[in-house]
Amino acid sequence: MRLHKVYHRFSIFSSLPTSPLSFHHSISTYKKLISIPIRSLSIHHTHTNSLKPTTHFLGKPIKKMSTHSNFHALAAENVGPDGSAALPPTQTYEDDALDGGYRLPPQEIRDIVDAPPLPALSFSPKRDKILFLKRRSLPPLSDLARPEEKLAGVRIDAKCNTRSRMSFYTGIGIHELLADSTLGPEKEIHGFPDGAKINFVTWSPDARYLSFCIRVGEEDDSSSKLRVWFADVETGKARPLFQSPDICLNAIFDNFVWVDDSTLLVCTIPLSRGNPPKKPLVPFSPKIQANEQRSVVQVRTYQDLLKDEYDEDLFDYYATSQLVLASLDGTVKEIGPPALYTSIDPSPDRKYILISSFHRPYSYIVPCGRFPKKVDLWTSDGKLVREICDLPLAEDIPITSSSVRKGMRSLNWRADKPSTLYWVETQDGGDAKVEVSPRDIIYSEPAEPLQGEKPSIMHKLDLRYGGISWCDDSLALVYESWYKTRQIRTWVLSPGNVDMSPRVLFDRSSEDVYSDPGSPMLRRTPAGTYVIAKLKKEGDDSTYVLLNGNGATPEGNIPFLDLFDIKTGSKERIWESTKEKYYETVVALMSDQDEGDIRLDSLKILTSKESKTENTQYYLKSWPEKKAIQITNFPHPYPQLASLQKEMIRYQRKDGVQLQATLYLPPGYDPARDGPLPCLVWSYPGEFKSKEAASQVRGSPNEFSGIGSTSALLWLARGFAILSGPTIPIIGEGKEEANDKYVEQLVASAEAAVEEVIRRGVAHPNKIAVGGHSYGAFMTANLLAHAPHLFCCGIARSGAYNRTLTPFGFQNEDRTLWEATSVYVEMSPFMSANKIKKPILLIHGEEDNNSGTLTMQSDRFFNALKGHGALCRLVILPFESHGYAARESIMHVLWESDRWLQKYCVLNTSDAIVDSDSSKDVGKESTDSESKAVPAEDHHYDLQDLGEQTHQESSVVDHQTGFRKKSIATPKR
């Protein structure tokens with residue numbers, strides 16, 4: 001179990017001031033910093049001195065900003081020339097803005113971004129120890145510059161034989177959880193080389209050992225390979241699992257798993273593997289693809305795909321593994337032949353292993369998740385029992401939401417049984433447009449069925465299968481949903497009683513957060529699986545489950561824990577977050593060490609607690625006293641913003657939809673005294689099926705604000721008001737498609753947000769900037785095109801601007817370009833490039849592998865803008881993908897953004913631009929007859945997903961680290 005918050009990346013530099021940075025104190029600080037010459041802000045590293053972000057700029061000649069006279073005039077009055085509050089820039093943005101080299105943002109931003117990260121946490125299976133997994137700050141650009149192979153949707157570091165750009169831990173500390181629920185002193189895991197990079201930390205089933213892999217140097221092929229180690233938890237001593245230095249980990253897909261308390265099954269690089277195949281100088285044949293069978297194959301714009309036979313051979317070379325059983329006593333045994341193993345999953349009783357692998361024929365139009373997949377059942381010592389299935393290539397999964405792969409899918413072990421398999425098979429051919437009942441069937445069978453025994457049918461579903469929470473033979477919860485209607489249903493099953501008919505427990509809209517009853521809490525079994533926890537009350541024969549919910553209300557989220565009777569539906573609230581100052585959540589169940597039902601009077605849970613100004617800490621809460629004991633004491637990650645002002649605000653769109661946003665103001669700011677501020681609006685639209693659902697409040701006003709390395713909240717340190725996440729619901733009720741009225745609803749939502757911050761007196765009408773990433777960038781470009789009266793400038797990062805380049809759908813739009821031509825065209829800001837008159841900054845990673853946001857989207861959009869004389873700037877970041885990782889890149893992005901905001905928002909030097917719409921009153925309805933629709937951006941394709949479902953849910957997970965804002969990662973068994 002791991003716990004992370006995004007802001008754990010940030011801790012405190014000892015050089016930072018201990019008192020909060022007030023709005024007025026920052027003025028004097030800026031006076032001292034203003035004399036820094038801009039050329040001193042360039043970064044020069046021996047490994048990157050020939051690299052620089054590619055920058056293109058079109059607009060009026062950049063005038064030099066006065067470095068002293070204007071600054072002192074502004075600072076003296078603490079207002080802008082037009083009466084708005086303004087902080088002078090800490091550096092000059094001169095004519096050399098096109099000069100080479102990476103730049104640094106102002107010191108107050110660097111102090112937050114450069115702070116060392118706090119550790120991630122992992123609890124032992126017995127809940128008696130906690131790992132502190134230590135991490136580094138932002139990686140250097142040289143890490144991203146390492147050569148990588150782009151094959152079948154996977155980016156591979158050839159030297160490490162793992163996914164490229166993989167993050168790592170720098171150390172492991174163990175703390176014992178004492179009897180009084182406090183933490184004991186830290187014990188460092190030791191024995192591995194200094195500077196080792198650590199990954200894949202897992203507990204053994206009995207919690208006596210840790211397994212992990214390390215790599216040391218990355219200068220040559222041998223030292224950069226990943227090697228598996230293990231450590232004794234009691235002593236902290238670590239040593240290699242394999243005595244031979246030639247046995248290395250292959251971590252392209254799966255890596256290793258405990259099969260018992262002292263044995264691991266490891267994916268290794270085959271010892272017989274030679275050098276990688278060489279690309280022929282002369283191709284063997286032309287590159288040919290054909291569809292002479294006239295198959296209908298519609299796919300998204302996936303990237304990094306195989307291109308030819310050489311790529312196929314290279315993919316085989318790096319992805320092929322040899323499975324090895326390795327005991328802690330040094331015994332090693334190869335099992336099975338080398339193959340492209342993608343997952344290794346032991347049964348709960350450790351007698352069998354479910355083995356999945358890819359095989360040819362491959363595809364040049366879809367990623368490896370849709371390649372032919374074979375699933376075999378082995379004994380734990382590597383003997384083949386039987387083939388479970390062999391799925392063909394799946395190029396033809398329809399793009400319609402809720403469409404899936406044909407054949408067996410979601411094949412897993414029952415968590416409550418020693419060795420029982422279950423899976424799902426579609427009855428509609430995987431096509432969501434086909435009307436059929438049932439749509440999915442859940443099957444089950446033992447690992448080794450008797451001769452002639454057929455799989456049993458557990459349940460038939462009319463919606464799309466969404467998962468199962470197992471408990472025992474008397475209870476399982478089955479989930480189904482349908483995206484088009486947002487319907488989600490929960491069924492109660494008695495798997496061991498065929499005479500007990502399944503019944504619906506909950507039937508609701510996934511958008512209706514107010515009706516969310518919560519999710520059942522899971523407990524760890526002795527086998528290492530997780531099942532629904534059952535509770536008993538003193539003097540009560542009923543059996544209860546714990547429902548852990550967000551508790552969405554019109555006043556914000558109030559998380560809760562309910563004691564729920566499955567049979568009667570009655571519930572009792574046994575815990576609820578405080579409402580006034582703090583925001584608390586239930587993170588995990590901590591009283592699940594023993595078998596059997598948990599007694600309420602011995603219940604113990606892990607909770608988190610935070611407030612607007614206090615960062616998250618973790619607590620142990622025990623019944624019956626419900627006394628909370630704090631077990632962490634993380635320092636505030638950015639004390640200079642500890643007293644920032646945060647408010648969740650509500651306002652209304654002109655069509656009656658209730659909207660919300662989080663308004664942030666700098667520490668010490670007083671609108672009556674200081675006047676309106678420059679304001680940055682940062683958002684990401686979402687789609688809804690009803691106005692009522694779109695109007696519901698999400699989030700809590702008491703949550704602590706984590707500030708990421710490229711967060712808009714960084715500009716609080718620069719004196720900006722930040723309107724974060726204003727809801728921009730795009731609603732398509734009934735049979736209407738949301739995107740048919742996208743621009744109309746987009747503009748109306750933005751108008752309502754701007755009107756609100758102006759009404760409150762915190763934002764100057766002429767100094768409101770807008771920005772966003774991915775689909776938020778798409779939003780930004782559309783707002784500058786269709787609502788130029790609202791914003792003075794925009795920042796668009798890693799967006800897609802021409803929907804004709806994604807003709808087979810994008811985000812949740814599952815109509816093709818040919819089915820909805822006008823929607824695709826009218827939604828594309830590329831088609832409205834001639835209307836964009838306000839300054840727009842485009843930023844894009846040169847190696848963006850997101851399925852909808854090819855780098856050329858920004859290239860072509862910039863050229864379109866330039867062709868119409870727009871004031872625009874394009875920054876292409878070498879080696880960066882859809883999100884930005886390297887310190888040099890992130891610092892430069894922040895420098896570019898700060899320069900743009902200072903010049904075109906704070907000082908607003910673009911006023912000479914002729915814009916016939918700029919005089920429109922804020923809130924006045926746009927008369928643009930072409931304002932119609934714009935969709936959501938494609939989410940990053942999860943390469944570890946086996947490609948069985950086309951609908952991509954939004955995720956904030958970093959696919960290399962797995963970190964979420966707040967999450968628990970179930971430990972590998």
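Residues numbered from 1 in each chain as written. Predicted model: local features only at pLDDT ≥ 70, side-chain atom pairs only at ≥ 80, totals over all residues. Heavy atoms only, no water.

Thoughts on the pattern of salt bridges
Part 1 of the argument: Taken as a whole and assessed by the stated rule, the structure comprises 49 salt bridges.
Part 2 of the argument: Among the salt bridges present, the one from Arg 360 reaches Asp 316, with a minimum N-O distance of 2.6 Å. Taken together, the positions of Arg 360 in the loop between β18 (352-358) and β19 (373-379) and Asp 316 in helix α6 (residues 309-319) put the pair 44 residues apart, joining distant regions of the chain.
Part 3 of the argument: Lys 484 is paired through a salt bridge with Asp 814; the nearest N and O atoms lie 3.3 Å apart. Linking Lys 484 in the loop between β26 (475-482) and β27 (487-493) with Asp 814 in the loop between β48 (793-797) and α11 (821-827), this pair joins segments that are 330 residues apart in sequence.
Part 4 of the argument: Among the ionic contacts, a cluster of salt bridges with common partners joins Arg 409, Asp 428, Glu 435, Arg 439, Asp 440 and Arg 464. (Salt bridge = Lys/Arg side-chain N within 4 Å of Asp/Glu carboxyl O. Helix = DSSP H or I, 4+ residues; strand = E, 2+ residues; numbered from the N terminus.)

Observations concerning the packing of aromatic side chains
Part 1 of the argument: Within this structure, the stated rule accounts for 24 aromatic pairs.
Part 2 of the argument: Seen from their ring centres, Phe 192 and Phe 212 are 6.0 Å apart, and the 80 degrees between their planes marks the pair as edge-to-face. Residue Phe 192 is located in the loop between β9 (187-188) and β10 (197-203), and its partner Phe 212 is located in strand β11 (residues 209-215); the two are separated by 20 residues in the primary sequence.
Part 3 of the argument: A relative accessible area of 0% means that Phe 212 is categorised as buried.
Part 4 of the argument: On the basis of an interplanar angle of 40 degrees and a centroid distance of 6.0 Å, the ring pair of Tyr 775 and Phe 778 is categorised as tilted. Taken together, the residues span about one helical turn, with Tyr 775 and Phe 778 both in helix α10 (residues 775-786) at a distance of 3 residues.
Part 5 of the argument: On the basis of relative accessible area, Phe 778 is assigned to the buried category, the value being 0%.
Part 6 of the argument: Ring pairing ties together the aromatic residues Phe 253, Phe 315, Phe 358, Tyr 362 and Phe 371, which thus form one cluster.
Part 7 of the argument: Over the ring of Tyr 619 we find Lys 609, and its NZ or CZ is 5.7 Å from the ring centre.
Part 8 of the argument: Above the plane of the ring of Phe 810 lies Arg 803, whose end atom (NZ or CZ) is 4.2 Å from the centre. (Phe/Tyr/Trp six-rings, centres within 6.5 Å; stacked < 30°, edge-to-face > 60°. Buried < 20%, exposed > 50% of the residue type's maximum accessible area, 1.4 Å probe, protein only. Lys NZ or Arg CZ within 6 Å of the ring centre and 35° of its normal.)

Let's talk about helix α12 (residues 856-866)
Part 1 of the argument: Burial in α12 covers these residues: Gln 857, Ser 858, Phe 861, Phe 862, Ala 864 and Leu 865. Projected onto a plane normal to the axis of α12, the buried residues spread over an arc of 160 degrees and lie on a single side. (Arc of directions from axis to C-beta.)

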